[in-house]
Protein chains: 2
Amino acid sequence: QHSESIYKRCICVYRALSGVSEPPRGLVQEKMTDNAVFSQNKVLTIDTMNPNVKNVEYAVRGPIVQRAVQIEKELREGMKKPFTEVIKANIGDAHAMGQQPITFFRQVLALCSYPELLKDNMFPEDAKSRARRILQACGGSSLGAYSASQGIDCVRQDVARYIERRDGGVPCDPDNVYLTSGASDGIVTMLKLLVCGEGASKTGVMISIPQYPLYSAALAELGAVQVNYYLNEEKCWSMDLSELERSLAEARKHCNPKVLCIINPGNPTGQVQSRQCIEDVIRFAAKEHLFLMADEVYQDNVYAEGCQFHSFKKVLFELGPQYSNTVELVSFHSTSKCYMGECGFRGGYMEVINMDPEVKAQLIKLVSVRLCPAVPGQALMDMVVNSPQPGEPSYTTFMKERTATLSLLAEKAKLTEEMLNTVPGITCNPVQGAMYSFPNISLPQKAIKEAKALGQAPDMFYCMKMLEETGICLVPGSGFGQKDGTYHFRMTILPPTDKLKLLLAKVKEFHQKFTRQYS
Amino acid sequence: QHSESIYKRCICVYRALSGVSEPPRGLVQEKMTDNAVFSQNKVLTIDTMNPNVKNVEYAVRGPIVQRAVQIEKELREGMKKPFTEVIKANIGDAHAMGQQPITFFRQVLALCSYPELLKDNMFPEDAKSRARRILQACGGSSLGAYSASQGIDCVRQDVARYIERRDGGVPCDPDNVYLTSGASDGIVTMLKLLVCGEGASKTGVMISIPQYPLYSAALAELGAVQVNYYLNEEKCWSMDLSELERSLAEARKHCNPKVLCIINPGNPTGQVQSRQCIEDVIRFAAKEHLFLMADEVYQDNVYAEGCQFHSFKKVLFELGPQYSNTVELVSFHSTSKCYMGECGFRGGYMEVINMDPEVKAQLIKLVSVRLCPAVPGQALMDMVVNSPQPGEPSYTTFMKERTATLSLLAEKAKLTEEMLNTVPGITCNPVQGAMYSFPNISLPQKAIKEAKALGQAPDMFYCMKMLEETGICLVPGSGFGQKDGTYHFRMTILPPTDKLKLLLAKVKEFHQKFTRQYS
C-alpha cells in the first residue's frame, strides 16, 4: 500500500515534468528506486496543496518548452543531435528573436533610471523632456518610489489621450484607466472581481477556442467555469453568432455565465475580426447581459489587406447611447507586443467602461494590496502612448524603426502562411494580425494511436518529436484548445527571416517524414 | 423597497471610500439624490462580485491615505488649511521621502536599458561589467525579453551566493530561489499553493498581531482562515511560545492550521527577534507540523545595540539535520527596503527549503502563467546581491552611500522613539529595526465614544483628525490589528530629519490638544 502511494506520487511528478498524462506503469516503477526524495511527512504535498492550482495548465511554457531548455543545455555540453541549435517559436517574445528595441524608448528609460544623464548632451531634447515629465510625477523624482496603485496620474492621462486619438475622438476618462503589470495582470484582476458562486450559480466565463491559455489557467486557479465557444476555422477563425448562442445556452444549464472574453487580433489564431463581427458581439453581450473583456494587445499588429483594427470601445460608442451607456467593457493593452515587443518590462493598462462605481472602489482597493505595477513598465507604457510627434527631434528615427518592424512582421506573416500551405497535410489560414500562425495538421491514424498509447495528445506527440528531431520548439494545438479530432500547432512569426525560412523548411521536411513514417 | 436598495448601495460606497463602517443614515440619504450613478442593471455589482475581494482590507493605502491625496489636491487648489503640506509617514517608501538611490545600481540600470552607453567613458568599469553580464543572460541581450519564469539563471546564482555569505556558508541551491515582483508577490504565491479545504478543514494561517496587512488581505482574497497570535508589547513585541501554543490550540478547534508567518525585523512593530526566539519558533513549527514563512525584507535594517539579524535559514541549519532536513521554510527578500528603498522596481526573491519536489513542479507551473517578474527589477535584485566588492572602482562610493543611508535611519529610529516617549499618553517601544514605530496611544473615553458613534475605530478617528488638523498622514493601529482596548498608530521613520522633527513635534502637540479636548 505504501509502495502504491509512492507510485501515485511518481506518476504526478512524471506528469508535471513530461506532460504525459498516463505514463506507462513499467517506466514509473523503474524510476521509483529514487523514492528517497518523497518525504512522507511534508506539510505541503501534492495531496494537501490547493487543488485549483493543480488544475492550472499553461502550454506556452509547458513541458515542451522545458524539454527545449534541456536540449539547449545538452547541446552546450557537446551532446550530438541532428541539429545545432534550438529555434524557439513557442512564445511571442520579439526581442529574444532579435527584434531591436525602439531607440527613443530606451533613451528615456536610461534617463529616468540615472537622471545624471539629463546633463549629458548625447540625448535628444524630446527624450529628456519625456524623462523629466515622468520623473516629476514620481515620488522623490525617482522610479524607485511606489506610484499610486492605479498607476502614475500623468501616464494615465497620456493613455486616455492616446485612446481618444485611436478611437477618433470617443472620450476617455483617465479615472477609467488602470496601469497593470502586462495585460495578464489586468485580465487576472478583472476575473478575480467577476468570479463567485458555487455549483450551478458559479460564474461562467466564455472564452474562444482556440484560446490563449492564460485564460484557462486563471479560471482554473479561481475555480470558475470555463465556457468554450469555438472560432470558425473555415471562415478564417471568425466568431459566429450562432456558436456564441449555442455555447451560452449550453452553459446556462450548469453555471451562471457572466463574462465574454475576446482576443482581437487573435492569439493563437492570428485573425482580425471585422467591424460587423464586433458589432454583433456587442449586441449579443447587451442582450444576454454579459460583461465584455477585450484583449486588444495586438492592436498595431494588423498585416492583411482589407483588415483593420477596430477597438471594441469605438464600435460600442458608434452603436449609440443605448449600448455605450450600458454595456460593461474592459479592454487590455500592453507594452509587450505590437512594434515594441518589450515583454520584460511588464507594462500594460486596462480601460474599464460602465463599471459600477461601488465595484470601482473595490477594484482600487484590490490593486492597492499589491502596491503598484513596476514603475519602469509604467514609464515605458507612457512612451508608447506619448511617442515622438512630427517636428520633435526623435520623430524620424522613431517612425523608421516602428515602420521597419511592422513591415518585417507583415512580410513574415505572409511568408509563413505561404510556405506552410505548400506542405501536403498542413492547412493554414492567413496570418491577418498578431504574431502567430495556427495551422491545421493532418496526423496519420497510426501516429494518433501511438500518441494515445503513451498518454499524450497527438499534437503534443508530434511537436515533441519535431523538437527532438529538428530542434524546433512549437506549442501543440491541444495547449490552446481545438475542435475534437483536429490537430494544430502554434508557431510565432518572430524569428529573423533567414531563420524563419529555415524553420519552415524543416517543418515541411519533418511533416513529410512523419506522415510517411506513420502511414 | 427600491429606495432601500439604493440606500444599501450608497452605504457600501460610503464605507469603501470613508472607512466608516456605519455611517449615519441621514448623511447617506442626503447623498442619495445623486443615485443616477447606480445602474440597477449591471452585470458586475457589489452584490454580484467576488465576496472574498469585498472582505479584503488594506490600511496602508486605505481611506486615510485617499483623504491625504485629496487634501494635497485641495492645498494645490488654494484651499486654506491649518498647514501648508501633507507629510506622509504612512508607507515605507524611502525614495518618496527623499532618500537617494545608490549610484552604482542606477548606472547599471541605465546601461542595461540603453546598451549604447556601454561605449561611453562616463561609467565605471564594474558597472559596465555587471550590465554586460545581465544583458548576456537576457534573450536577445535585451531587458525587453521575457526571462525564465523562475527568474534569470545568473541572478538566481548570485542570490544563492549572497545567501551563503549572509548565512556563514550554509549552502543555497539556486534551484530553490525564485525571483518575484517584490516580496508581496512571493508571499501571495506561496499562500496560493498552501490554502485549500472548506469548513473545519480549511487552511489556517498564523500571523502576528500587529501584522502587515498584505497578509490579512491575501488570506481574505484566498478565503483562508486568519489565525492571530499576539506579539508581546510589554517585551518589545517579542514572540511568546505560550501565545503561539494558545493561538494554535484555539485555531485547531475550527480550522486546519498549516502555516506560521513571521515578519523579522518586524512590520509594523520594528522589533528584531532574538536568536533564541527564532530557535523556539522553529522547534515549535517542527513539533506542530507547520510550514514556516519568514518575511525578512528588513534584514539590513537593524539599528539597536545588541540586536542582530538572524535569518531563519541559518538558525534552522544550526539546529542540526533533524530540523534542517525536515522543516519546510520559505524566506522572502526585496529590493524595496534596507538601504536600497527601490520600491518602484518591484524586485524580490524567495528561497524555499525542504519543499516537496512535486509541489515545486506545481510552483514553477504557477509562476509560468504570469510569464516572469519584471526584468529591470530582476537586474536590480542582482546588483543588491552582487554589489561592488573591495578593489572595484565603485566600491568606495557604494559603501559610503550604503552606510550613510543606514546610519541616518538608525539616528531617526532613535529620535522617533525618544521624542514619542516624551509625550504623556504615548508609549513607544524602541525601533530596533525595520522602518516603523508603532506607539501605544491612550485615548480618552469620550473620544472612544464619539468614534464609535461615527462607526469608526477610535484610532482611525484619531488619525483622521490628526490628518485634517496637521496634515500628518499616519496609519491607525486598527489597520494592523492590536489587542482589544489598545490603540496605536504606525509611522515610518523615513521623512528627512528636519521634517521628521517637525512631524514629531506636531504629533506631540496634536496628542495633547486631542487629550484635552476629549477629557
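Each chain has its residues counted from 1, following the order in which its sequence is written. Whichever chain is written first becomes A and whichever ligand is written first becomes 1, with later ones labelled in order. Note on the predicted model: pLDDT of at least 70 is required for a residue's local features to be given, and 80 or more for side-chain atom pairs to be given and counted; whole-chain, interface and lining totals, by contrast, use all residues. Here the side-chain values reflect all heavy atoms present in the structure, with hydrogen atoms and water set aside.

- Under an unreviewed UniProt entry, the name given to chain A is alanine transaminase, and the source organism is Oncorhynchus tshawytscha.
- UniProt positions are given in the numbering used here, feature names are shortened, and annotations may be inferred rather than shown by experiment. The heading Function (unreviewed entry) in the UniProt record of chain A holds the text "Catalyzes the reversible transamination between alanine and 2-oxoglutarate to form pyruvate and glutamate."
- Regarding chain A, the UniProt comment filed under Cofactor (unreviewed entry) reads as follows: "pyridoxal 5'-phosphate".

## What about the overall build of chain A?
- A run of DSSP states H or I qualifies as a helix once it reaches four residues; a run of E qualifies as a strand once it reaches two. Both are numbered from the N-terminal end. Scanning chain A from N- to C-terminus turns up 19 helices and 14 strands.
- Summarising its shape, the C-alpha atoms of chain A cover approximately 65 × 55 × 55 Å along the three principal directions.
- A simple rule labels every residue: compare its accessible area, found with a 1.4 Å probe on the protein chains alone, to the largest value its type can have, and call it buried under 20%, exposed over 50%, or partly exposed in between. The buried share of chain A, reckoned over its 519 residues, is 63%.
- Whether two residues are in contact is decided by their heavy atoms: any pair within 4.5 Å suffices. Summarising the internal contacts of chain A: among those between residues at least 6 apart in sequence, 71% fall at separations of at least 24.
- Accessible surface area values rest on a Shrake-Rupley calculation with a 1.4 Å probe, where residue burial reflects the displayed protein chains alone. For chain A, the exposed surface amounts to about 19,000 Å²; the carbon and sulfur share of it is 50%.
- Averaging the positions of the 57 positive and the 56 negative side-chain charges in chain A gives two centres separated by 4 Å. Only four residue types enter the tally: Lys and Arg on the positive side, Asp and Glu on the negative side; His and the chain ends are excluded. Lysine's charge is taken at NZ, arginine's at CZ, aspartate's at CG and glutamate's at CD.

## With respect to the pairing of strand β2 (residues 177-180) of chain A
Residues and elements named next belong to chain A.
- Alternating residues of β2 divide into Val-177 and Leu-179 and Tyr-178 and Thr-180, and every residue in both groups is buried.
- At least two DSSP bridges between two strands are needed for those strands to be called paired. Judged from the 4 bridges that link them, β2 and strand β8 (residues 348-353) form a sheet pairing that is antiparallel. What sits directly across from Tyr-178, in β8, is Met-350.

## Observations concerning the pattern of salt bridges
Residues and elements named next belong to chain A.
- Definition used for salt bridges: Asp or Glu carboxyl oxygen within 4 Å of a side-chain nitrogen of Lys or Arg. Across all of its chains, the model carries 54 salt bridges over all chains by this definition.
- The closest approach of N and O atoms between Glu-74 and Lys-81, which form a salt bridge, is 2.5 Å.
- Residue class for Glu-74 comes out buried when judged on its relative accessible area of 14%.
- By sharing partners, the salt bridges in this structure join Arg-275, Glu-279, Arg-283, Lys-314 and Glu-318 into a single network.

## Structural notes on the packing of helix α18 (residues 458-470) of chain B against helix α19 (residues 497-517) of chain B
Residue and element names in this part refer to chain B.
- For every element, the axis is a line fit to its C-alpha atoms; helices are fit only across the contacting stretch, and the angle between N-to-C directions ranges from 0 to 180 degrees. α19 packs onto α18 with a crossing angle of 120° between their chain directions and a minimal axis gap of 11 Å. Between α18 and α19, the angle falls in the class oblique. The interaxial crossing formed by α18 with α19 has right-handed handedness. Each of Phe-461, Tyr-462, Lys-465, Met-466, Glu-469 and Thr-470 in α18 lies in contact with α19, whose residues at this interface are Lys-506, Val-507, Phe-510, His-511, Lys-513, Phe-514 and Gln-517. The scheme is simple: roughly parallel for angles under 35 degrees, roughly antiparallel for over 145, roughly perpendicular for 65 to 115, oblique for anything else. Left-handed describes a crossing whose near helix is turned anticlockwise from the far helix by less than a right angle; the clockwise case is right-handed.

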